[in-house]
Amino acid sequence: MEKKTILIIEDNTDIREGTTEILELTGRYHVLAAENGRDGVDLATTHLPDLILCDIMMPELDGYGVLYILSKNEETAHIPFIFLTAKVERSDMRKAMELGADDYLTKPFDDVELLNAIDVRFKKRGQIGEAITIKNSLYLSPEEQDFLLKELIEKSRVKVFKKKQSIYEEGDIPVFVYFVLSGQVRSFLCYNDGRELSTDIHIAGTYIGYEAMLLNENYSDNVEAIEKSEIALISKEDFFELIYRKPLIAGKFIQLLSGNIREKEEQLLGFAYDTVRKRIANALISVAEKTVNTAIEDECVIQISREGIATIAGTANETISRVLADFREENLIAKEKSAIRIFSVKKLRKVKQ
């Protein structure tokens with residue numbers, strides 16, 4: 001086991017040498033010694049010991065001054081600090097603790113008191129360090145979350161789905177979480193008479209099927225490719241291994257789930273009360289919000305087919321063609337091959353009839 005370094009700052013030669021001898025005899029500690037506060041500060045900043053034992057009443061710089069200086073230094077502020085003093089007045093003890101001392105030993109102290117005090121400090125420091133490690137492992141910046149998810153996607157199998165090909169069906173047991181790499185897919189519900197109700201459109205960069213995976217339920221809807229699409233198949237084992245190891249990743253998917261619920265509520269209200277023009281405008285905005293940060297970029301290019309817009313807006317393809325033509329004449333959008341350029345998301349939001 002690697003020896004820990006202990007710094008003793010004590011102007012009394014007998015106490016300094018006696019304490020050094022006790023610690024070295026244990027075979028667990030390497031000891032540094034200073035006979036005054038100034039030398040003690042120099043040794044502490046140079047060697048960064050694992051623990052400091054410091055007398056209070058010393059010439060040149062007393063123990064309070066030593067603790068104050070070291071507490072202002074990032075490299076030494078975390079070092080456990082135990083005061084040694086012959087004074088037992090409550091005021092001295094209170095001042096020591098207010099300054100940030102970890103413990104207080106009254107001279108004369110015996111070997112057991114000294115070693116126990118040191119052991120307690122190291123145990124508590126270890127617990128704090130472990131707690132910090134756990135906290136750091138739980139915290140992930142948005143960039144770190146994106147990196148881990150990208151890594152998960154890159155190691156997953158990629159499958160190409162043809163137009164109209166089923167990705168999964170209602171009632172299937174969740175085996176994968178799907179990530180759309182390219183193309184577009186739609187989710188829909190089926191009535192007993194065979195009619196379908198489209199519920200959402202999923203473009204590149206979106207996850208599918210995680211709701212059932214998180215709820216440990218069978219899929220409640222159907223998903224198929226609107227056009228040729230590349231999909232990453234994230235295995236159930238890899239998905240849960242990541243979210244168990246990094247709980248904030250689970251939080252990210254819960255946020256996605258909450259967003260989906262809000263989006264569905266707004267979509268239902270739109271079906272009930274909005275005009276066709278407003279529903280189609282909202283469909284374009286919905287895809288734009290999944291493509292870029294619309295709070296920053298007012299103009300953007302989105303990849304979506306007429307059928308995709310019809311899926312979100314809940315209307316026929318013929319109606320989509322007519323309304324998009326109106327939007328082009330009103331200089332709200334422009335067709336660019338298989339994409340649509342939105343000149344102003346803000347103006348699209350103002351479409352009412």
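Parameters and conventions
Residues numbered from 1 in each chain as written. Predicted model: local features only at pLDDT ≥ 70, side-chain atom pairs only at ≥ 80, totals over all residues. Heavy atoms only, no water. Helix = DSSP H or I, 4+ residues; strand = E, 2+ residues; numbered from the N terminus. Buried < 20%, exposed > 50% of the residue type's maximum accessible area, 1.4 Å probe, protein only. Contact = heavy atoms within 4.5 Å. Areas by Shrake-Rupley, 256 points an atom, 1.4 Å probe, with all protein chains shown as cover. Pairing = 2+ DSSP bridges. Axes fitted to C-alpha atoms, helices over the stretch in contact; angles between N-to-C directions. Arc of directions from axis to C-beta. Core = buried A, V, L, I, M, F, W, Y, C linked by side-chain atoms within 4.5 Å. Parallel < 35°, antiparallel > 145°, perpendicular 65-115°, else oblique. Left-handed = near helix turned anticlockwise from the far one by under 90°. Nonpolar A, V, L, I, M, F, W, Y, C, P; charged D, E, K, R; others polar. Polar contact = N/O pair within 3.5 Å; in protein donor to acceptor, adjacent residues only side chain to side chain. Patch = residues over 30% accessible without salt bridge, like charges linked within 9 Å, V, L, I, M, F, W, Y side chains within 5 Å. Salt bridge = Lys/Arg side-chain N within 4 Å of Asp/Glu carboxyl O.

S.K.: Honestly, the overall build of the protein in this entry has me stumped. Any pointers?
M.R.: Across its full length, the protein carries 13 helices and 16 strands. Within the protein, buried positions represent 43% of all 353 residues. Partitioning the contacts of the protein with sequence separation of at least 6, the portion at a separation of at least 24 is 70%. Looking at the protein as shown, the accessible area adds up to about 19,900 Å², and 51% of this sits on carbon and sulfur atoms.

S.K.: Mind showing me how you'd approach the environment of Arg 349 here?
M.R.: Within the secondary structure, Arg 349 is located in helix α13 (residues 345-349). A relative accessible area of 38% places Arg 349 in the partly exposed class. Between the alpha carbons of Arg 349 and Leu 284 there is a distance of 9.8 Å; along the sequence they are 65 residues apart. The contacts of Arg 349, once residues within four sequence positions are left out, are Lys 278, Ile 285, Glu 289 and Thr 294.

S.K.: What is the right way to read the sheet that holds strand β15 (residues 333-336) from this model?
M.R.: Adjacent strands of a sheet pair through backbone hydrogen bonds, lying either parallel or antiparallel. Spatially, the three strands line up as an open sheet ordered β14-β16-β15, and their pairing is antiparallel. Every other strand in the sheet has two partners, leaving β14 (300-303) and β15 as the edge strands with one partner each. Neighbour-to-neighbour, the strand axes of the sheet open up by a mean angle of 25 degrees, direction not taken into account. By the bridge criterion, four bridges tie β14 to strand β16 (residues 339-342) in an arrangement that is antiparallel. Within β16, the position partnered with Gln 303 by the bridge is Ala 339. Across the face of the sheet, helix α10 (residues 276-291) comes into contact with β14, β15 and β16 while running at roughly 105 degrees to β14.

S.K.: What should I look at first to understand helix α8 (residues 236-245) in this one?
M.R.: In an α-helix, one turn spans 3.6 residues, which is why side chains three or four residues apart end up on the same side. Turning to α8, its buried residues are Phe 239, Phe 240, Leu 242 and Ile 243. Projected onto a plane normal to the axis of α8, the buried residues spread over an arc of 160 degrees and lie on a single side. Exposed side chains of α8 directed beyond 90 degrees from the buried face belong to Glu 237 and Tyr 244.

S.K.: Any chance you could explain the nonpolar core here in plain terms?
M.R.: Counting 29 residues, the largest nonpolar core has Leu 284, Ile 302, Ile 309, Leu 324, Phe 327, Ile 342 and Leu 348 as its most contacted members. For this core, the elements supplying multiple residues, two or more each, are β10 (196-203), α10, β14, α11 (306-313), α12 (317-329), β16 and α13. The biggest single contributor to this core is α10, with seven residues. Beyond its immediate chain neighbours, meaning those up to four positions away, Ile 302 contacts Leu 284, Val 287, Ala 288, Thr 291, Ala 339, Ile 340 and Ile 342. If you look at the next biggest cluster of nonpolar residues, it comprises 20 residues, including Ala 34, Val 41, Ile 52 and Met 58.

S.K.: Just checking my understanding: could you explain the side chain of Thr 85 for this structure?
M.R.: Among the secondary structure elements, Thr 85 is positioned in strand β4 (residues 81-85). Overall, the relative accessible area of 2% leaves Thr 85 in the buried class. Every residue in contact with Thr 85, bar those within four places of it in the chain, is listed here: Asp 55, Ile 56, Tyr 104, Leu 105, Thr 106 and Lys 107.

S.K.: What's the story with the packing of helix α2 (residues 37-47) against helix α3 (residues 63-71) in this structure? I'm lost.
M.R.: Geometrically, a packed helix pair is captured by the angle between its two axes and the distance between the axes. Where α2 meets α3, the axes come as close as 9 Å, and the angle between the chain directions of the two elements is 25 degrees. Considered as vectors, α2 and α3 are oriented roughly parallel to each other. As for how α2 packs across α3, the hand of that crossing is right-handed. Only Val 66, Ile 69 and Leu 70 of α3 make contact with α2, whose side of the interface consists of Gly 37, Val 41, Ala 44 and Thr 45. For the contact of α2 with α3, a count of residues per class yields five nonpolar, two polar and no charged.

S.K.: Teacher, can you tell me more about α2 here?
M.R.: Residues of α2 that are buried: Gly 37, Gly 40, Val 41 and Ala 44. The arc that holds every buried residue of α2, seen down its axis, measures 100 degrees, which confines them to one face. Buried positions along α2 lie against β1 (4-9), β2 (29-34), β3 (51-55) and α3. One side-chain oxygen at the N-terminal end of α2 lies 3.1 Å from the backbone nitrogen of Arg 38; it belongs to Asn 36. At the exit of α2 stands Leu 48, carrying a positive phi of roughly 45 degrees.

S.K.: Any chance you could explain unusual backbone geometry here in plain terms?
M.R.: With the exception of glycine, the majority of residues adopt a negative phi angle, and the majority of peptide bonds are in the trans configuration. At the junction of Lys 107 and Pro 108, the peptide bond is cis and its omega measures out at 0 degrees in the coordinates. Assignment of secondary structure puts Pro 108 in the loop between β5 (103-106) and α5 (111-138). The phi dihedral of Glu 60 falls on the positive side, at around 70 degrees, and the residue is not glycine. With respect to the helices, strands and loops of the structure, Glu 60 is situated in the loop between β3 and α3.

S.K.: Where do I start with a nonpolar patch on the surface in this structure?
M.R.: Taken together, the side chains of Leu 189, Tyr 191 and Leu 197 present a nonpolar region at the surface, about 250 Å² in accessible area. For Leu 197, the position within the fold is in strand β10. Note on Leu 197: relative accessible area 36%, which makes it partly exposed.

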